[in-house]
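Read off the chains here:
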Amino acid sequence: MPTSTARPLISVVMPVRNGESWLPECMESLIRQTVRDFEVIVVDDGSTDRTIEVLNVWARQFDRFRVIQQKPVGVAVALNCGIEASSGQYIARMDADDIALPERFAKQVEFLNVRPHVGVVGSWFETFGVGRSGLVKTPIGDDAIRARLLFGSPFAHPSVMLRRSALDGVSGPYSLKRGVEDFDLWTRLSRSTKLDNIPKVLLRYRLHSMQVSQAELSHSEEGALGIRRDLLRSFGISLVGNERSLLIATSLSPRIGYEADAGAVEQLLKLIVSKVGSSGWCSRRVVLKECRDAWWRSCKNRGPGRESDRIFARSSLAGRGVLSLVRRTRLRWGIKVQSTRKQS
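Predicted model only: the values in this text are computed from it and were never measured.

### What about the packing of aromatic side chains?
Here comes step 1: One pass over the full model with this rule turns up six aromatic pairs.
Here comes step 2: Ring centres of W296 and F312 lie 6.1 Å apart, and the angle between their planes is 75°; on these two criteria the pair is classed as edge-to-face. With a gap of 16 residues between them, W296 in helix α11 (residues 284–300) and F312 in helix α12 (residues 306–313) connect regions that are remote in the sequence. One exposure class covers both W296 and F312, and it is buried.
Here comes step 3: When the ring centre of F111 is taken as origin, the NZ or CZ atom of R115, which lies over that ring, is 3.9 Å away.

### Details of the state of the cysteines
When the sulfur atoms of two cysteines share a covalent bond, that bond is a disulfide.
Here comes step 1: This structure, assessed with the given rule, holds zero disulfides.
Here comes step 2: C26 supplies the cysteine sulfur nearest to C81, a cysteine that is in no disulfide, at a spacing of 18 Å.
Here comes step 3: Note on C81: relative accessible area 24%, which makes it partly exposed.
Here comes step 4: Between C282, a free cysteine, and C291, which holds the nearest cysteine sulfur, the sulfur-to-sulfur gap is 9.1 Å.
Here comes step 5: You can call C282 buried: its relative accessible area is 5%.

### Brief notes about the confidence of the model for the chain
Here comes step 1: Mean pLDDT over the chain works out to 90, with 93% of the residues at or above the 70 mark.
Here comes step 2: Within the model, pLDDT remains below 50 along residues 337–344, and this stretch shows eight contacts once partners closer than five positions in the same chain are excluded.

### Regarding the pairing of strand β9 (residues 194–207)
Here comes step 1: The sheet contact formed by strand β5 (residues 99–100) and β9 spans two bridges and is antiparallel. Note that in β9 the partner of A100 across the bridge is L203.
Here comes step 2: Pairing of strand β6 (residues 118–129) with β9, which is carried by 11 bridges, proceeds in the parallel orientation. In the strand pairing of β9, V121 is matched with D196.

### Details of the pairing of β6
Here comes step 1: Counting buried residues along β6, 10 of its 12 residues qualify, which places the element largely inside the surrounding structure.
Here comes step 2: Relative to strand β8 (residues 161–163), β6 runs antiparallel, the two being bridged by two bridges. Paired with V120 across the bridge in β8 is L162.
Here comes step 3: In this structure, β6 lies alongside strand β7 (residues 134–136), joined through three bridges in antiparallel fashion.

### Quick word on the environment of Y90
Here comes step 1: With respect to the helices and strands, the residue Y90 is situated in strand β4 (residues 90–93).
Here comes step 2: In sequence terms Y90 and S165 are 75 residues apart; their C-alpha atoms lie 8.6 Å from each other.
Here comes step 3: In this structure, Y90 is in contact with L9, I10, S11, V109, L112, N113, M161, L162 and R163, ignoring residues within four places of it in sequence.

### Examining the side chain of S220
Here comes step 1: Its place among the elements puts S220 in helix α8 (residues 217–233).
Here comes step 2: Separated by 3.4 Å, the side chain of S220 and the backbone oxygen of G179 make a polar contact.
Here comes step 3: What S220 contacts, discounting residues up to four positions off in sequence, is R178, G179 and V180.

### What about helix α6 (residues 181–189)?
Here comes step 1: Here α6 lies mainly inside the structure; nine of its nine residues are buried.
Here comes step 2: Buried within α6 are the following residues: E181, D182, F183, D184, L185, W186, T187, R188 and L189.
Here comes step 3: In the core, the buried residues of α6 are packed alongside α3 (75–85), β6, α5 (142–149), β8, β9 and α8.

### Remarks on empty space enclosed by the protein
Here comes step 1: The final tally for this structure, using the stated rule, is one cavity of 30 Å³ or more.
Here comes step 2: Its volume calculated, the largest cavity comes out at about 60 Å³.
Here comes step 3: Looking at the lining of the largest cavity, the elements that each hand over two or more residues are α10 (262–277) and α11.
Here comes step 4: Broken down by element, the lining of the largest cavity gets its largest block of residues, three residues, from α11.

### Observations regarding the pattern of salt bridges
Here comes step 1: A full pass over the atoms with the stated rule returns 25 salt bridges.
Here comes step 2: The partner of K200 in a salt bridge is E103, with the nearest N and O atoms 3.3 Å apart. Taken together, the positions of K200 in strand β9 and E103 in the loop between β5 and α4 (104–113) put the pair 97 residues apart, joining distant regions of the chain.
Here comes step 3: Relative accessible area serves as the criterion here: at 34%, K200 is assigned to the partly exposed category.
Here comes step 4: In this structure, K194 and D142 form a salt bridge, with 3.7 Å as the shortest nitrogen-oxygen distance. Here K194 is found in strand β9, whereas its partner D142 is found in helix α5, with 52 residues between them in sequence.
Here comes step 5: Look at the salt bridges and you will find they share partners, linking R229, D230, R233 and E243 into a network.

Here is what the cut-offs are and how they apply
The residue numbering used here restarts from 1 in each chain and proceeds along that chain's sequence as written. Reporting of local features is limited, given that this is a predicted model, to residues whose pLDDT is at least 70; pairs of side-chain atoms are given and counted only at 80 or more, and all residues count toward the totals for whole chains, interfaces and linings. As a convention, hydrogens and water are excluded, and side-chain values are obtained from all of the structure's heavy atoms. In summary, the pairing rule links any two rings of Phe, Tyr or Trp, Trp by its six-membered ring, whose centres are within 6.5 Å, and it sorts them by plane angle into stacked for under 30 degrees, edge-to-face for over 60 and tilted for everything else. Numbering of helices and strands runs from the N terminus, with a helix taken as a DSSP run of H or I at least four residues long and a strand as a DSSP run of E at least two residues long. Each residue gets one of three labels from its accessible area relative to the maximum for its type: buried under 20%, exposed over 50%, partly exposed in between, using a 1.4 Å probe on protein chains only. Charge-over-ring placement is defined geometrically: NZ (Lys) or CZ (Arg) within 6 Å of the ring centre, and within 35 degrees of the ring normal. Disulfide assignment relies on a single distance test, namely cysteine sulfur atoms paired within 2.5 Å. A residue's pLDDT is the predictor's confidence in that residue, given on a scale from 0 to 100. Pairs of residues are marked as contacts when any of their non-hydrogen atoms sit within 4.5 Å. Only strands joined by at least two bridges in the DSSP assignment are considered to pair. Under the rule applied, a polar contact is a pair of N or O atoms within 3.5 Å (in protein, one hydrogen donor and one hydrogen acceptor; residues adjacent in sequence only if both atoms are side-chain atoms). The method works on a 1 Å grid over the protein atoms by themselves. A cavity is a set of points holding a 1.4 Å probe that cannot get out, a pocket is an open set with protein on both sides within 12 Å along at least five of seven lines, and residues with an atom within 4 Å of a point line them. Grid points are joined across faces, edges and corners, and a volume is the space filled by probe spheres set on the points. Take a side-chain nitrogen of Lys or Arg and a carboxyl oxygen of Asp or Glu: if they are within 4 Å of each other, that pair is a salt bridge.

So this is what it looks like as structure tokens:
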């Protein structure tokens, strides 16, 4: 980590609460970055373990490592505090329990340098720790990301690097919407800049029982539903019937076993294709793809069986070709079938 006093190229902003177990591994990953011109600003959100002791060890070694302490008031306040204290041209998000791959900063700076129209860039990531591990592919291109916003967040928050100028005029910048401060920010920024993801794993995302996103799952779900509802209304889409059930059924992670009226779900998704696809917000092609995926999720969530297959197949949203056949097989028999179809 550099010790220069000149203005850094990158400001790493990292909130933490009770992260002593993960901090050493996280910090080591920052030291190994191939780009060296960065500062690290850690905002401690009222830790009660040895987090401060661990952070102070690093702060004594590097001039560009700063620790800010605050009462436990939440991630959004901590992030805003860190951003206000930062000075870099680019702002890199990082969480204390995750690991940045050595070329992460270099790849993102290179990407933003040649694409001045892009204000936010994330990346694919790999999950590890408790539960299922594996590669997660986030959508690529501003068009696909805008379509994904209709159903949930298109980024892994700690994988993101933001252009400081993209935050000009954005209040907060993080709102105090508990558990969805990132999703809310991406939605607001989408009105003034382009968003993208690098199709390469640049972050290892740790899964564990102490995560804020796990402990505050109910708040996150309700907040995400509100953001999606408001975004749909901006396209003149008014939800009919039980709007909450429709939003849950079409979310990126619908509750297991949760069912909504299939006809109403289908009607909503077709309305999204029509309204959003003709609005100029993003292309009809990518909206249709996202809506087909949402239809599949809502049907799959009903559980395997002939009835789920029948509901899925009767709609034009089921599509045609190999992917549709694979999905029908899984719905009818509950069998995981490997498709050779390339992801777009």
